[in-house]
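Inside the fold
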Amino acid sequence: MKRVAIVAIILAATAFTVRAQQQVKPENQIKYRKAAYTLMNLNYSSLAAMAEDKKPFDKDEAARNAEFVALLSTVPKNYFGEGTDKDTKAKPEIWTHRADFDAKMDKMVGEAAKMPAVVRSGDMAAFKKEVGDLGAACKACHDDFRAK
Amino acid sequence: MSFTSGRIRVWDLPTRIFHWALALLVIFSFTTGKVGGGWMQWHLKSGYAILALLVFRVAWGFAGSHSARFAAFLRGPRAAIGYARGILGGGHPFTTGHNPLGGWMVMFMLAILILQASTGLFADDEIATQGPLAAGVSNAFVERMTMIHKYNEWAIVAAVALHVTAVAAYQWGLKVDLLGPMVRGWKTAPPGLAQVEPARASSLLAVVIAAAAAALVYWLVVVYPRP
């Protein structure tokens, strides 16, 4: 009976360890966050072009872009884990100044979350302002935590 | 050519307008680039204006008034070192136009500003702002240009700081008025020192060159990149 208990504990511990190791491996974390940023760049650029009158404002397209940006903005923060500082423009400061990084990330996610409603409201002044605020939030992090 | 012992014309109007417009636009470009967001579109426009100013200044360096010409103020390293020694020794010879040391600073600032404006044309901040020529070249090239654009920014900040410090040292340390001539265009020669009035180019020529420079930049950033 005692032996069975020991075996059960070892098995449980092994399972726990394996499960921990099955968290997304660093290579893939980098892949996922880059993918999210790339698609944010695509959708946000479309919003910025409309805000700067480089292309006509199309409410449906803008709403789609805004939804994408809002959803995608929540992805990268999950993928800056241990060991994800290789083959990336992410600076080591992310891990040494984590609180600052997280605050700037949250600020960006917060601005992105406002975007769909602002687009649907059709208020162009508010739209232009929000596009600017979101861009500045992206930039704040790039300036401090993204290599040149 | 006339001889005068009073007021000497140092800087023609086009050179003065160039100087102060460039100073303001460099400050504006730096600020908008730092703030980002909705200001980035103005950062680009400011860069185009700076590029046009630089094209103008290079042409004016060949076709402008005497003091604006490269041939007039570009001196060898020996002249520059000799001049620097003289300044450090406490003397400062009366000069009109750029002194041998200042001439090199002009060339250095023109070079780093041309580098900044032209790398900006290809840069991409990967947020929402792209230089007008970025779409037509490879991403590897865009990345290199963006990196140079970001590092060279600090070379410009350092050069501007050195420039302002040097002017302040002349103005209030050596009591040589540099700001006045750059605003008014003339300075007063010391009594008894006759100076040759330098050759002056026509302002009409400056307007023509400036218009050509603006047209060239417009073509480069608006017409050429059109799909």
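Residues numbered from 1 in each chain as written. Chains lettered and ligands numbered in written order. Predicted model: local features only at pLDDT ≥ 70, side-chain atom pairs only at ≥ 80, totals over all residues. Heavy atoms only, no water.

**Let's talk about the overall build of chain A**
- Along the backbone of chain A there are six helices and zero strands.
- Starting at the N terminus and walking to the C terminus, you meet the elements of chain A as α-α-α-α-α-α.
- Across the 148 residues of chain A, 33% fall into the buried class.
- Put simply, of all contacts in chain A between residues at least 6 apart along the chain, 73% involve residues at least 24 apart. (Helix = DSSP H or I, 4+ residues; strand = E, 2+ residues; numbered from the N terminus. Buried < 20%, exposed > 50% of the residue type's maximum accessible area, 1.4 Å probe, protein only. Contact = heavy atoms within 4.5 Å.)

**Details of the side chain of Asp 12 of chain B**
Residue and element names in this part refer to chain B.
- With respect to the helices and strands, the residue Asp 12 is situated in the loop between strand 2 (7-9) and helix 1 (13-35).
- One buried charged side chain, Asp 12, makes no salt bridge at all; its nearest oppositely charged neighbour is Arg 200, positioned 6.0 Å away.
- A polar side-chain atom of Asp 12 sits 2.5 Å from a polar atom in the side chain of Ser 65.
- The residues touching Asp 12, leaving out its near neighbours within four places in the chain, are Trp 60, Ser 65 and Arg 200. (Lys, Arg positive; Asp, Glu negative; His and termini not counted. Salt bridge = Lys/Arg side-chain N within 4 Å of Asp/Glu carboxyl O. Polar contact = N/O pair within 3.5 Å; in protein donor to acceptor, adjacent residues only side chain to side chain.)

**Quick notes on the nonpolar core**
- Formed by 32 residues in total, the largest nonpolar core has its most connected members in Leu 22, Phe 56 and Trp 60 of chain B.
- Mapped onto this core, the elements with two or more residues apiece are helix 1, helix 2 (40-63), helix 3 (70-73), helix 5 (100-120), helix 6 (139-173) and helix 8 (203-223) of chain B.
- Ala 48, Phe 80, Val 118 and Phe 145 of chain A belong to the second largest nonpolar core, which has 31 residues in total. (Core = buried A, V, L, I, M, F, W, Y, C linked by side-chain atoms within 4.5 Å.)

**Digging into the packing of aromatic side chains**
- Under the counting rule described, the total for this entry stands at twelve aromatic pairs over all chains.
- Taken together, a centroid distance of 5.8 Å and an interplanar angle of 75 degrees make the contact between Phe 70 of chain B and Phe 73 of chain B edge-to-face. A residue pair is termed a helical-turn pair when its members lie 3 or 4 positions apart in one helix, as Phe 70 of chain B and Phe 73 of chain B do in helix 3 at three residues. Assigned by exposure class, Phe 70 of chain B and Phe 73 of chain B land together as buried.
- Here the aromatic rings of Trp 219 of chain B and Tyr 224 of chain B are separated by 5.2 Å at their centres, their planes lie at 40 degrees, and the arrangement is tilted.
- On the basis of relative accessibility, which here comes to 42%, the residue Trp 219 of chain B falls in the partly exposed class.
- Through pairs of rings, three or more aromatic residues link up here, namely Phe 80, Trp 95, Phe 101 and Phe 145 of chain A.
- Here the guanidinium or amino end of Lys 148 of chain A rests over the ring plane of Tyr 151 of chain B, the centre of that ring lying 4.9 Å away. (Phe/Tyr/Trp six-rings, centres within 6.5 Å; stacked < 30°, edge-to-face > 60°. Lys NZ or Arg CZ within 6 Å of the ring centre and 35° of its normal.)

**As for the interface of chain A and chain B**
- Each partner contributes residues to the interface: chain A has 15 residues there, and chain B has 15 residues.
- For the pairing of chain A and chain B, the buried interface totals around 1,300 Å² over both sides, and the portion due to carbon and sulfur atoms is 56%.
- When residues of chain A are sorted by the area they lose upon contact with chain B, Glu 52, Lys 139 and Lys 148 of chain A head the list and together hold 46% of the total.
- Two residues, Lys 89 of chain A and Glu 143 of chain B, come together in a salt bridge whose shortest N-O distance is 3.4 Å.
- Scanning the region where chain A abuts chain B turns up four residue pairs in polar contact (both at pLDDT 80 or more).
- Among the elements of the structure, helix 2 (26-51) and helix 6 (124-145) of chain A are those that each provide at least two residues to the side of chain A that touches chain B.
- Of the residues in the side of chain A that touches chain B, the class split is four nonpolar, five polar and six charged. (Buried area = accessible area lost by both parts, 1.4 Å probe. Nonpolar A, V, L, I, M, F, W, Y, C, P; charged D, E, K, R; others polar.)

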